[in-house]
Amino acid sequence: MKKRLLNYLACPACNAEIALISTNRCEGDEIISGTLSCSPCSRTWPIERGVPRFAELMTIAADKAATAENFGWQWQHFTQADDKYEQQFLGWLTPVTPEFFKDKVVLEGGCGKGRHTELAAGWGAREVIGIDLSEAVESAFKATRELANAHIVQADIYHLPLKRAFDYAFSVGVLHHLPDPYGGFKSLAAKVKSGGHVSAWVYGAENNEWITRWVNPLRERLTSRMNPRTLLQLSKLPAMFMFAGTKLVYRPLNLLAPDLAQHLFYNDYLNAISTFGWREQHTIVFDHLVAPTAFYISREDFAEWWKQIGAHESVINWHNSNSWCGFGRV
Ligand SMILES: C[S@@+](CC[C@H](N)C(=O)[O-])C[C@H]1O[C@@H](n2cnc3c(N)ncnc32)[C@H](O)[C@@H]1O
Ligand SMILES: [Zn+2]
């Protein structure tokens with residue numbers, strides 16, 4: 001943890017300033033182990049392996065803890081970096097561009113292995129703080145520790161230990177995995193200063209009926225309950241079909257006969273990922289099967305979220321014909 005993260009921390013219980021009361025070990029600018037405290041309510045939180053820990057997984061509701069456990073495993077296993085991440089991230093943030101990040105204080109809700117925290121920091125954000133509930137923070141910390149403007153915090157999106165001090169908050173692929181997706185969105189947006197912006201990307205209900213009907217029962221009853229190591233092996237089978245289909249059918253047909261390709265099942269999405277390598281496609285399949293909770297959100301419900309937080313000039317884009325990207329000013 002870099003000392004200047006303290007400028008942005010606030011007690012999740014009483015909103016008071018948080019102080020660093022002891023430092024046990026430092027490496028350069030990073031405090032690797034120490035203790036943080038809120039004096040009005042006498043709470044303390046440890047800094048362990050470079051990350052301030054505001055989430056006590058043992059005391060978190062079972063559904064949230066199960067989600068954190070499964071994703072924690074995923075992002076400590078699939079730690080690869082990929083040069084496709086930048087383009088994919090910008091797609092999810094539409095209409096935001098890299099220049100938008102310049103000099104902004106940015107919050108990321110559910111940073112996973114830190115791939116987007118790293119990109120945001122590289123695009124010139126003044127500071128970017130990635131929070132995540134799971135042990136994915138171990139990977140995120142490793143990926144970003146050399147970046148002076150990047151910070152990783154282990155925390156629950158519903159109880160953010162942060163001041164309302166952000167110019168921009170984004171969350172990619174996280175809100176639909178929460179027990180109350182709108183509640184998480186609202187909590188994230190509440191940390192953005194008046195006049196700042198919010199982006200969110202969520203799974204769409206539209207065009208995903210095949211997932212909600214056929215994949216969800218399997219995911220809920222079987223795959224999300226499996227040992228992740230077993231699922232890792234098992235998920236190679238559907239991933240192999242997807243990989244072969246995208247490489248042998250979707251990509252060539254979209255290049256050679258795009259009008260014909262439009263009629264293929266789930267074409268926009270499968271064509272979009274058809275340039276991804278095996279490991280990335282396997283990550284996608286595993287990601288879909290491992291989540292204990294996944295909501296598929298309609299445009300109507302998503303639009304209501306933006307209305308409810310009082311966003312101005314909000315725009316909602318249909319992405320790869322299977323998901324929604326929202327952007328608005330608060
Ligand atoms: C599908 S991953 C997406 C990670 C990252 N945004 C990305 O696109 O690479 C979902 C992430 O949300 C995190 N998460 C789930 N519930 C959370 C909560 N209550 N608070 C904070 N993060 C949470 C998980 O630990 C996981 O890392
Ligand atoms: Zn307090």
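Fair warning: this is a prediction, and the values are worked out from it, not measured in the lab.

What counts, and at which threshold
Numbers given for residues are sequential positions, taken from 1 along each chain in its written order. Chain A is the first chain written and ligand 1 is the first ligand written, with later ones labelled in order. Under the rules for a predicted model, residues below a pLDDT of 70 receive no local features and side-chain atom pairs below 80 are neither given nor counted, while totals for whole chains, interfaces and linings still include all residues. Only hydrogens and water are removed before side-chain values are computed, so all heavy atoms of the structure are retained for them. Put simply, DSSP marks the helices as runs of H or I at least four residues long and the strands as runs of E at least two long, and each gets a number from the N terminus on. Radius of gyration: C-alpha atoms only; globule rule: 2.2 Å multiplied by the number of residues to the exponent 0.38. Only protein chains enter the accessibility calculation, which uses a 1.4 Å probe. A residue is then buried if its area is under 20% of the maximum for its type, exposed if over 50%, and partly exposed in between. Working definition of a nonpolar core: buried Ala, Val, Leu, Ile, Met, Phe, Trp, Tyr and Cys residues. They are joined through side-chain atoms within 4.5 Å. We call two residues in contact when some of their heavy atoms are within 4.5 Å. Whenever two N or O atoms come within 3.5 Å, that pair is a polar contact, provided that in protein one can donate a hydrogen and the other can accept it, and provided that, for residues adjacent in sequence, both atoms are side-chain atoms. Any two strands are treated as partners once DSSP identifies two or more bridges connecting them. Only nitrogen, oxygen and sulfur atoms count as donors, using a 2.8 Å cut-off from the metal that widens to 3.2 Å for Na, K and Ca. Water is left out, so coordination shells may look unfilled. Irregular is the default label, applied whenever a site is not tetrahedral (four donors, all angles between 85 and 135 degrees) and neither square planar nor octahedral (four or six donors, opposite donors over 155 degrees apart, all other angles between 65 and 115). Note on terminology: near, applied to a residue and a molecule or strand, indicates that one of the residue's heavy atoms is within 4 Å of it. In this description, accessible areas are obtained by the Shrake-Rupley approach with a 1.4 Å probe, and a residue is regarded as covered only by the protein chains that are shown. Given the number of residues in a helix, its expected span is that number minus one, multiplied by 1.5 Å. In this analysis an axis means a line fitted to C-alpha atoms, helices contributing only their contacting stretch, and an angle means the value between N-to-C directions, from 0 to 180 degrees. Angle categories are assigned with fixed cut-offs, so that under 35 degrees is roughly parallel, over 145 is roughly antiparallel, 65 to 115 is roughly perpendicular, and the rest are oblique. Any residue outside Ala, Val, Leu, Ile, Met, Phe, Trp, Tyr, Cys, Pro, Asp, Glu, Lys and Arg is labelled polar, Gly included; the first ten of those are nonpolar and the last four are charged.

### A word on the overall build of the chain
Each helix and strand counted, the chain has twelve helices and eleven strands in total. Against the 2.2 N^0.38 benchmark of 20 Å for 330 residues, the chain shows a C-alpha radius of gyration of 20 Å, consistent with a compact globule. Along the first, second and third principal axes, the C-alpha set of the chain runs to 65 × 45 × 35 Å. Scored against the burial criterion, the 330 residues of the chain give a buried share of 55%.

### Here we look at the nonpolar core
Residues Phe89, Leu93, Phe101, Tyr168 and Phe170 are the most contacted members of the largest nonpolar core, which totals 47 residues. Top contributing element to this core by residue count: helix α11 (residues 278–290), with five residues. Tyr8, Ile47, Ala155 and Ile309 belong to the second largest nonpolar core, which has 44 residues in total.

### Observations concerning the environment of Asp268
Relative to the elements of secondary structure, Asp268 occurs in helix α10 (residues 267–272). Taking the C-alpha atoms as reference, Asp268 lies 8.3 Å from Asn322; in sequence the two are 54 residues apart. When residues no more than four places from it in sequence are discounted, the contact partners of Asp268 are Gln262, Asn320 and Ser321. At a separation of 2.5 Å, a polar atom in the side chain of Asp268 contacts the side chain of Ser321.

### So, the sheet that holds strand β2 (residues 30–38)
The antiparallel open sheet is built from four strands, whose spatial order is β1-β2-β3-β4. The outermost strands of the open sheet, each flanked by one partner alone, are β1 (19–27) and β4 (51–52).

### Remarks on the coordination of the zinc ion (ligand 2)
Around the zinc ion (ligand 2), the donor atoms from the protein are Cys11 (SG), Cys14 (SG), Cys38 (SG) and Cys41 (SG), and they sit 2.2 to 2.4 Å away. Considering all four donor atoms around the zinc ion (ligand 2), angles at the metal cover 99 to 128° and the coordination shape is tetrahedral. In the primary sequence, the donor residues of the zinc ion (ligand 2) line up as C-x2-C-x23-C-x2-C. Here Cys11 is found in the segment before β1, whereas its partner Cys41 is found in the loop between β2 and β3 (43–48), with 30 residues between them in sequence. Note on Cys11: relative accessible area 2%, which makes it buried.

### Brief notes about the site of ligand 1
Around ligand 1, 22 residues are found, and the nearest of them are Gly110, Arg115, Asp132, Asp156 and Val172. One nitrogen or oxygen atom from the main chain of Leu133 is found 3.3 Å from a nitrogen atom belonging to ligand 1. Between ligand 1 and Ile157 there is a distance of 2.9 Å, counted from a nitrogen atom to a backbone nitrogen or oxygen. Relative to its unbound accessible area of 600 Å², ligand 1 is 98% covered by the protein chains.

### Comments concerning α11
Compared with an ideal rise of 1.5 Å per residue, which puts 13 residues at 18 Å, α11 spans 18 Å between its outermost C-alpha atoms and is within 8% of the ideal. Across the 13 residues that make up α11, a large majority, ten, are buried. Every buried residue of α11 is accounted for by Glu280, Gln281, His282, Thr283, Ile284, Val285, Phe286, Asp287, Leu289 and Val290.

### A short note on the packing of helix α1 (residues 62–77) against α11
Between α1 and α11, whose axes approach to 11 Å, the crossing angle comes to 175°. In this view, α1 runs roughly antiparallel relative to α11, as classed from their interaxial angle. Contact residues: Asn70, Phe71, Trp73, Gln74, Trp75 and His77 in α1; Arg279, Thr283, Phe286, Asp287 and Val290 in α11. Of the residues contributing to the contact of α1 with α11, the split by class is five nonpolar, four polar and two charged.

### Some points on unusual backbone geometry
The step from Thr94 to Pro95 runs through a cis peptide bond, and the omega angle for that step is 10°. With respect to the element layout, Pro95 can be found in the loop between α2 (85–93) and β5 (105–109). Of note, the phi angle at Glu313 is positive, near 45°, even though the residue is not glycine. Looking at the secondary structure, you find Glu313 in strand β10 (residues 312–319). Taking the relative accessible area as the measure of exposure, Glu313 reaches 60% and is therefore exposed.

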